[in-house]
Amino acid sequence: MSKTTEKTYKRSHEPVFWGLFGAGGMLTAFLTPVMILITGLLIPLGIIDQHYFSYEKIHGFATTWYGSVIVLVLVALPFWHTLHRIFHALHDIGINRGRDWQQVICYGFAFAVSVFVFTLLLQMLTAPSLFGF
Amino acid sequence: MSKRKPYIRELPRDWWMKQLFYTKYMIREGSSVLITLYSLILAWGVFRLSQGETAFNGWLEALQNPFAIILHLLMLILALYHTITWFSLAPKAVDLWIKGKKLDDKVIVAAHYGAFAVLTIFCLLIITL
Amino acid sequence: MSELTIEIDVLRYRPEMDNEPFTQTFEVPYTAEMSILEALQYIKDHLDSTVSFRWSCRMAICGSCGLMVNSVPKLGCKAFLRDYYPQKISLEPLANFPIERDLVVVMDDFIKKLEEIKPYIIPEKEKCLSEGTYQQTPEQMAKFKQFSMCINCGLCYAACPQYALDNKFTGPAALALLARYNRDSRDNGEAERMKIVNQEEGVWGCTFVGYCSVVCPKDVDPAAAIQLLKVESSKDYLIGMFKPD
Ligand code: SF4
Ligand code: FES
C-alpha cells in the first residue's frame, strides 16, 4: 500500500527570501547606479558642490519621518538582495559545507546591518540632541 | 549479465569559467559583492551622520581618496551590469495579457529603461535642490 | 577530386571495454547542407560502424538526437557543419547525464521528473463522453501553448548548472511542463502540483541562470515558466500562512 500513497512534499521558506531579494534587486537595478554616481563620484570629485550634501541637509532629511524611512530602504534593502545572491553563489562555486550556517551568516548579516541602520535612524529621529551639537 | 556501466562525468569546480554564458552569470551574481560593499559604505555614512558634523565630514573626506574614487567607479560599472541583466530578464517574470496577447518583451524592457532614466535624472535634480 | 573535409572529434565510451571515455577523430566529407547528425551517419556507414548515437525524425521533432557540439547542447539534426567549418567540431554526449555508450546518455532521471509533475489534465470532475468535449478559447490556449511545445530533448538539463550541481532539482523542462498544465483552463490540478513547485527541489532550486531558454530548440522558454511559477509559489506561500492545510 505504501507505494501508492502520495509522497510527502516539504514546503520551502524560500519565498520570504526571494521576495526580499526581488525587492532589493529592483531597487538596486533602478537606483544604485545613480546613488553610486552621486555619493561616490560627483560629490567627492566636486562636480556637484559639497554643500548640496552637507551635514545639515542630510541630517535634516534623515530626521524627518519620511526621510528616515527612505534612507533605511535605500541603505538596508540592497543587502537582502546581495546576500541572497552570495548565499546561492557559494553553492555554485562548490562550497557545500555547512549550508545551514552559510544561510544563517548571510541572512543574519543582512538582518544585522538592517537593524544597525534602523537603530541609528531611530536614535537620530527621537533624540537629535544626544549626538552632534 | 548486463554490460551496462553508465559513466558519470564530474562537474569541474570551475565550470563557470569554461563557458562565456556561465561566466557572465557569475559576474552578475558576483556584482553583489561590490554592491554589498557600497551599501556598507552607506551604512557607515549613516553611522557617521549620527555622530555629528565632524564625523560626517570625515566620511565625506574619506570618499575623496583616489582609491575610493576608483573603487566607486568599479562599483558603478558592476551596478550597471546588474541593471542591464535585471532588465533583460524582467520580461520573464511578467505575465501581462492584453486582449488575449502576451505583452511584448521589448515593451517591458523599454519601460524599465525609461523608468530608469527618469529616476536617475530625478535623483540628480533633487540632490541639487 | 578535391573534396572538402571537416574533422570531427567524437567522445567514445564503450562500457564493456572502457573505464572512461576517450576522443576519436574522424574526417568527414564536407558539404554546406550537411547536418551534424548526417555527419555521424556518414561516420557510422563509412568509417566506424561501432559509433552509437540516437536519432529518429531528422527534423527536430522527436527530441532524440541531443548532444554537445563544442560544449553547447544542440540537436544533431538542427545543427549544421557550415556553422563550424573549417574549424574542427567536438561532439560529446549531453552534459549532466550519465553516459550509456558513446553519444547515448541515460535519461531515466529526466523521464522520471517529467512523470512526477502529473503531466496530464486533472479535470474538476470527470465528464461522461455524452456530455461532450472540454472546450477552450484561443485566448485560453495561448496561455500555455508555448510551454506545451517541448520535445523532451533534454538540452535544457544539459544547460542547467543547478541540475548539474544537484540533480534533485526538478529542472527546466519538467517545470515548464508543469506550468503548461497549471495554466490550462481545462485543468484543475494546480493545488496538487503546487506542492511539487513549492519544494526546495521544485522551483526554488533555480537561480535564474537562464541558459535553458537559450539552448531550447523549440523556444519553450523554461526559464520564464519557472519565474512565473516562483511568483505563484510565493502567492501560495502567503495564502498558506493564513490558512495552513
Ligand atoms: S524545454 Fe526545450 S530544451 Fe528542454 S527538453 Fe523541452 S524542447 Fe528540449
Ligand atoms: S532526430 Fe529527431 S530531433 Fe533530431
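Predicted model, so just to flag it, every value in this text is computed and none were measured. Here the residue numbers are simple positions, counted from 1 along each chain's written sequence. Lettering of chains starts at A and numbering of ligands starts at 1, both following the order in which they are written. For a predicted model such as this one, the threshold for reporting local features is a pLDDT of at least 70, and the threshold for listing and counting side-chain atom pairs is 80 or more; totals across whole chains, interfaces and linings nevertheless cover every residue. No hydrogens and no water enter the side-chain calculation; it runs on all heavy atoms of the structure.

**Thoughts on the nonpolar core**
Residues belong to a common nonpolar core when they are buried Ala, Val, Leu, Ile, Met, Phe, Trp, Tyr or Cys residues joined through side-chain atoms within 4.5 Å. Under the scheme applied here, a residue whose accessible area is under 20% of the maximum for its type counts as buried, over 50% as exposed, and between as partly exposed, the area being computed with a 1.4 Å probe on protein chains only. By size, the foremost hydrophobic cluster in this structure holds 130 residues, and its most contacted members are C:Ile8, C:Val10, C:Ile36, C:Leu81, C:Ile89 and C:Leu91. Elements are defined by DSSP. Helices are runs of H or I of four residues or more, strands are runs of E of two residues or more, and each kind is numbered from the N terminus. Of all the elements, helix α1 (residues 14-42) of chain A adds the most residues to this core, at 12 residues. Only heavy atoms matter for contacts: two residues are in contact if any of them lie within 4.5 Å across the pair. Excluding anything up to four places from it in sequence, C:Leu91 contacts C:Ile8, C:Asp9, C:Val10, C:Leu11, C:Ile36, C:Leu40, C:Leu67, C:Met68, C:Val69 and C:Leu103.

**Some points on the interface of chain A and chain B**
In this assembly, 56 residues from chain A lie in contact with 51 residues from chain B. Across the chain A to chain B interface the summed buried area is about 4,700 Å²; carbon plus sulfur atoms make up 75%. If you sort the residues of chain A by the area they bury against chain B, A:Phe30, A:Tyr55 and A:Arg85 come out on top, with a joint share of 15%. Put simply, a salt bridge is a Lys or Arg side-chain nitrogen that is within 4 Å of an Asp or Glu carboxyl oxygen. Joining chain A to chain B, the criterion identifies one salt bridge. Note that A:Arg85 is salt-bridged to B:Glu29, the shortest N-O span being 3.3 Å. Whenever a nitrogen or oxygen atom comes within 3.5 Å of another N or O atom, the pair is scored as a polar contact, on the condition that within protein one atom can donate a hydrogen and the other can accept it, and that pairs from neighbouring residues in sequence are kept only if both atoms are in side chains. Where chain A meets chain B, there are 13 residue pairs in polar contact (both at pLDDT 80 or more). Taken together, the elements giving at least two residues each to the side of chain A that touches chain B come down to α1, α2 (55-62), α3 (65-92) and α4 (99-126) of chain A. Here the side of chain A that touches chain B gets 19 residues from one element, more than from any other, and that element is α1(A). Throughout, the accessible surface (probe 1.4 Å) given up by two parts as they are put together, summed over both, is called the buried area.

**Observations concerning the pairing of strand β3 (residues 66-69) of chain C**
On a regular strand, one side chain projects to one face of the sheet and the next to the other, so that they alternate. All names here are of chain C. What you see with β3 is no split at all: Gly 66 and Met 68 on one side and Leu 67 and Val 69 on the other are buried throughout. For two strands to count as paired, DSSP must find a minimum of two bridges between them. Pairing of β3 with strand β4 (residues 72-75), which is carried by four bridges, proceeds in the antiparallel orientation. When the bridges of β4 are listed, Met 68 appears paired with Pro 73. A loop of two residues connects β3 with β4, the two strands running antiparallel in sequence, and Asn 70 in this loop sits at a positive phi of about 50°. Across two bridges, β3 lies against strand β5 (residues 89-92) in antiparallel orientation. In the strand pairing of β5, Met 68 is matched with Glu 92.

**Observations concerning the packing of helix α6 (residues 172-182) of chain C against helix α9 (residues 222-242) of chain C**
All names here are of chain C. Two elements in contact, α6 and α9, have axes whose closest approach is 8 Å; the angle formed by their N-to-C orientations is 60°. Of the possible angle classes, the one that applies to α6 and α9 is oblique. For the crossing formed where α6 meets α9, the hand is left-handed. Of the residues in α9, those in contact with Pro 172, Ala 173, Leu 175, Ala 176, Leu 178, Ala 179 and Asn 182 of α6 are Pro 222, Ala 225, Ile 226 and Leu 229. Amino acids are sorted into nonpolar (Ala, Val, Leu, Ile, Met, Phe, Trp, Tyr, Cys and Pro), charged (Asp, Glu, Lys and Arg) and polar (every other residue, Gly among them). Among the residues making up the contact of α6 with α9, the classes are represented as 10 nonpolar, one polar and no charged. Axis angles are defined between N-to-C directions and span 0 to 180 degrees, where every axis is a line fitted to C-alpha atoms and, for a helix, only to the segment in contact. Roughly parallel here means an angle under 35 degrees, roughly antiparallel means over 145, roughly perpendicular means 65 to 115, and every remaining angle is called oblique. Should the near helix be turned anticlockwise from the far one by less than a right angle, the crossing is termed left-handed; should it be turned clockwise, right-handed.

This is a description of form; function is not addressed.
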